[in-house]
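Descriptive structure summary
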Amino acid sequence: MVNDAVSFTDATVADPGYDGKFPVMVYSHGDRGFAATSMRLVHHFVSHGWVVVAPDHITNTAFDNVLPRPVALYHWRTQDISRALDVLEDIDGADPLAAADVSEGPHDGAFVYGWPLAGATWDIEHIAEQCDLDGGDRMHPCG
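From a predicted model like this one, the values you see are computed outputs, not experimental measurements.

So, about the overall build of the protein. Along the backbone of the protein there are four helices and two strands. The order of α-helices and β-strands along the protein, N terminus first, is β-α-β-α-α-α. Counting over 143 residues, the protein shows a buried share of 26%. In the protein, of all internal contacts separated by at least 6 residues, the share reaching a separation of at least 24 is 65%. Here the protein displays about 9,500 Å² of accessible surface, and carbon together with sulfur accounts for 56% of that area.

Once that is clear, we can look at the confidence of the model for the protein. Looking at the protein as a whole, its pLDDT mean stands at 76, while 76% of the residues score no less than 70. Looking over the protein, one finds the lowest element-wise mean pLDDT in helix 3 (residues 111-118), namely 57, and the highest in strand 2 (residues 51-53), namely 90. Across residues 105-112, where pLDDT falls below 50, the model places seven contacts with residues more than four positions away in sequence or in other chains.

Here we take up the environment of Phe-45. One can find Phe-45 in helix 1 (residues 39-47). For Phe-45, a relative accessible area of 22% gives the class partly exposed. In the structure, Phe-45 is positioned 22 residues away from Pro-23 in sequence and 9.5 Å away in space, judged by C-alpha atoms. Residues contacting Phe-45, with those up to four places away along its chain left out, are Met-25, Trp-50 and Val-52.

A separate point is the nonpolar core. Soluble globular proteins: nonpolar side chains tend toward being buried together. The biggest cluster of nonpolar side chains holds 12 residues, and these are Phe-22, Val-24, Val-26, Val-51, Val-53, Ile-81, Ala-84, Leu-85, Leu-88, Ala-99, Ala-100 and Val-102. Taken together, the elements giving at least two residues each to this core come down to strand 1 (24-26), strand 2 and helix 2 (73-89). Considering every element that reaches this core, the biggest residue donor is helix 2, with four residues. Aside from chain neighbours lying at most four places away, what touches Ala-100 is Phe-22, Val-24, Val-51 and Leu-88.

This paragraph deals with helix 2. Here helix 2 is 17 residues long and its end C-alpha atoms lie 24 Å apart, about the 24 Å a rise of 1.5 Å per residue gives. Turning to helix 2, its buried residues number three or more, namely Leu-73, Trp-76, Arg-77, Thr-78, Ile-81, Ala-84, Leu-85 and Leu-88.

Conventions and cut-offs
- Residues numbered from 1 in each chain as written.
- Predicted model: local features only at pLDDT ≥ 70, side-chain atom pairs only at ≥ 80, totals over all residues.
- Heavy atoms only, no water.
- Helix = DSSP H or I, 4+ residues; strand = E, 2+ residues; numbered from the N terminus.
- Buried < 20%, exposed > 50% of the residue type's maximum accessible area, 1.4 Å probe, protein only.
- Contact = heavy atoms within 4.5 Å.
- Areas by Shrake-Rupley, 256 points an atom, 1.4 Å probe, with all protein chains shown as cover.
- pLDDT = per-residue confidence, 0-100.
- Core = buried A, V, L, I, M, F, W, Y, C linked by side-chain atoms within 4.5 Å.
- Expected span 1.5 Å × (residues − 1).

Structure representation (structure tokens):
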């Protein structure tokens, strides 16, 4: 959570205005960004009844970027987004945010993240062959 001049804590959550559900937006920051990079955009969506989740993509933020960019980062980012949606989906029914609608989410974002979120699979055999060639460390898909 980021505190700024127009945000406040402990606010009462309004009733959902869209068929008893809150629409959900996942904000995935760009290269070397961070979750609050587009705070004004998030404010706009939240002020119109949306729930916004914005995970930081570790090893690719303004604070901890790794170069060269690990190939595995593309997979990790999809996991960040999926996990953010899982956490939102698992909110207890007594919490007003349990009305967040994750049934049809932002799964059609940038193609780099969209395909894995939509169910594309990895060629595990090919990755294993590459791991044998490069020795496998955290900077490669087999690390």
